[in-house]
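Coordinates in review
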Amino acid sequence: MLLLLFCANFHRILLFLLHLGSRFVEYSGLICGNKTGGRTAFAEHLAKLKQNIDEPLSAILSLNTIAHTVGAVGVGAMAEDTFGSGKMVIIGYELPFSIEAVVATVMTLAILVFSEIIPKTIGATYWKKLVPFTTRSLWLVMIVMKPFIWLSQLITKMLKGMSSKNRSAGKNCR
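Residues numbered from 1 in each chain as written. Predicted model: local features only at pLDDT ≥ 70, side-chain atom pairs only at ≥ 80, totals over all residues. Heavy atoms only, no water.

With 0 of 6 residues buried, strand β2 (residues 93–98) is to be regarded as a mostly surface element. One ladder, built from 3 bridges, connects strand β1 (residues 87–90) with β2; its direction is antiparallel. Its bridge partner being in β2, Lys-87 is matched across the sheet by Ser-98. (Buried < 20%, exposed > 50% of the residue type's maximum accessible area, 1.4 Å probe, protein only. Helix = DSSP H or I, 4+ residues; strand = E, 2+ residues; numbered from the N terminus. Pairing = 2+ DSSP bridges.)

The next point concerns the packing of helix α4 (residues 54–83) against helix α5 (residues 99–125). Angle between the axes and distance between the axes are the two parameters that describe a pair of packed helices. Between α4 and α5, the shortest axis-to-axis distance is 10 Å and the interhelical angle comes to 145 degrees. In this structure, α4 meets α5 at a crossing whose hand is right-handed. Residues Asn-64, His-68, Val-75, Ala-79 and Phe-83 of α4 pack against Ile-99, Val-103, Met-107, Ile-111, Ser-115 and Glu-116 of α5. Grouping the constituent residues of the contact of α4 with α5 by class yields 7 nonpolar, 3 polar and 1 charged. (Axes fitted to C-alpha atoms, helices over the stretch in contact; angles between N-to-C directions. Left-handed = near helix turned anticlockwise from the far one by under 90°. Contact = heavy atoms within 4.5 Å. Nonpolar A, V, L, I, M, F, W, Y, C, P; charged D, E, K, R; others polar.)

Let us now look at helix α6 (residues 127–144). The end-to-end C-alpha distance of α6 is 24 Å, a good match for the 26 Å that 18 residues give at a rise of 1.5 Å each. Within α6, the axis deviates most sharply at Thr-134, by approximately 25 degrees. Here α6 has its buried residues at Trp-127, Val-131, Pro-132, Thr-134, Thr-135, Ser-137, Leu-138, Val-141 and Met-142. (Expected span 1.5 Å × (residues − 1). Bend = angle between axes of the 7 residues up to and from the residue.)

Set out below in structure tokens:
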């Protein structure tokens, strides 16, 4: 769950930095204590992340998806080991849904609250304090997730290539 919290925070803060647009350098200087808003080493670091934004976004989204999947499989397996499979029985009454359905519902709500709502609210509220940690940590995430970044870039290039072929084929039909 902690990994999901970091992913959501990374994602929210990165998207906020994109939203800053031309004010990006000014804000990055102010975050680091440079009251003039000039370029600092930290601002350069942020600019590198922003320059190829697809890489950190691919790393975050891939890690987030892996964490959700592994968590769901793990919790599902533990629930089956603990409760068994089948209908849920409370005080002798068999309910019309299974234990797996209850566990899946509880997990969905927990993931929504603890890996989406809370971290993104924290990221939106305390972004200035979290940006230095986020950008430095993100480099490590990008190194670990490099194969997934590469795969994402390959898929994106293929899809863009297919899109441009479709556009040029559409021009010939007129």
